[in-house]
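Geometric and topological summary
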Amino acid sequence: ADISNDVLRLNNYRVTPQFYTSYDDIVCPEGFKIVELSRILTPIEGQKIEENGIHVYKPNINGAKPYGDIVKSSDLPIEQVEKSKYRSVSQDTFIIRQYGVFHPAYLITEDQPVAINRIYDLYSIDKSQVYYQYLLTEMSKDYFIKQIERRWISDARSCIIDEDDFLDLRVLMPNDYE
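Residues numbered from 1 in each chain as written. Predicted model: local features only at pLDDT ≥ 70, side-chain atom pairs only at ≥ 80, totals over all residues. Heavy atoms only, no water.

Here's the deal with the sheet that holds strand β7 (residues 93-97)
A sheet is described by the order of its strands in space; here five strands give the open sequence β2-β11-β7-β9-β4, paired in mixed fashion. Looking at the sheet topology across the chains shown, the edges are occupied by β2 (41-44) and β4 (69-72). Going from strand to strand, the sheet's axes swing by 35° on average, the running direction of each strand aside. With three bridges connecting them, β7 and strand β9 (residues 105-108) associate as antiparallel partners. Looking at the pairing, Thr93 lines up with Leu107 of β9. (Pairing = 2+ DSSP bridges. Helix = DSSP H or I, 4+ residues; strand = E, 2+ residues; numbered from the N terminus. Axes fitted to C-alpha atoms, helices over the stretch in contact; angles between N-to-C directions.)

With respect to the sheet that holds strand β3 (residues 54-56)
Strand order in the open sheet formed by four strands is β5-β3-β10-β6, with mixed pairing between adjacent strands. This sheet does not close on itself; its edge strands, each paired only once, are β5 (78-79) and β6 (86-89). Looking at chain direction, β3 and β5 are connected through two bridges and run antiparallel. Its bridge partner lying in β5, Ile54 is registered against Glu79.

Points about the environment of Ser128
One can find Ser128 in the loop between β11 (120-125) and α2 (132-138). C-alpha separation for the pair Ser128 and Ile40, spaced 88 residues apart in sequence, amounts to 9.3 Å. Among the polar contacts listed, one links the side chain of Ser128 to the side chain of Asp126, at a separation of 2.5 Å. (Polar contact = N/O pair within 3.5 Å; in protein donor to acceptor, adjacent residues only side chain to side chain.)

Topic: the nonpolar core
Residues Leu37, Leu41, Phe144 and Phe166 are the most contacted members of the largest nonpolar core, which totals 28 residues. For this core, the secondary structure elements donating two or more residues are β7, β9, β11, α2, α3 (142-152), α4 (163-168) and β13 (170-174). Residue contributions to this core peak at four residues, all from α3. Counting 13 residues, the second largest nonpolar core, distinct from the first, contains Ile44, Val89, Ala105 and Ile119. (Core = buried A, V, L, I, M, F, W, Y, C linked by side-chain atoms within 4.5 Å. Buried < 20%, exposed > 50% of the residue type's maximum accessible area, 1.4 Å probe, protein only.)

A look at unusual backbone geometry
Positive phi outside glycine occurs at Glu110, with the angle close to 55°. The exposure class of Glu110 is partly exposed, given its relative accessible area of 35%. You will see that Asp111, though not glycine, has its phi angle at about 60°, which is positive. The topology assignment puts Asp111 in the loop between β9 and β10 (114-117). Note on Asp111: relative accessible area 70%, which makes it exposed.

Interpretation in functional terms is not warranted from these geometric data alone.
This is the structure we're talking about:
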């Protein structure tokens, strides 16, 4: 199918055919529906870092679980950071690296400020609609990884993820999701 100039413009002039494929190949089992991440995740900015010593989020990609990490602030080191390269969050946060290895994580802050490098996109999750453990598990499944590979012409081990594009991705949710 032909892609109009208007559609290309709306999609920042991406010319890769995979970007324009549909989500029709996601098999939706009975009792489930397909939901865009934008309905359950909300981007957050974080705050300017004020403290001199702060818990610092550092993922362990090599020892990571296949479905993503769940990290508690109390398990993180307290360090000095270059404040211009980090931001602080004090709320539980879903973390996605903007480029490189796709490996989602969920940070439980325990109401402690945590410094997170600006190379990560941060999201709050609508806990009334979905458990973070469920979402991490869904993001490890083939249907989700294929969406990343299709949109970024990569494998999930090396990609660049734009926040808007990420929120357009879909996950399977039980029908009782509102």
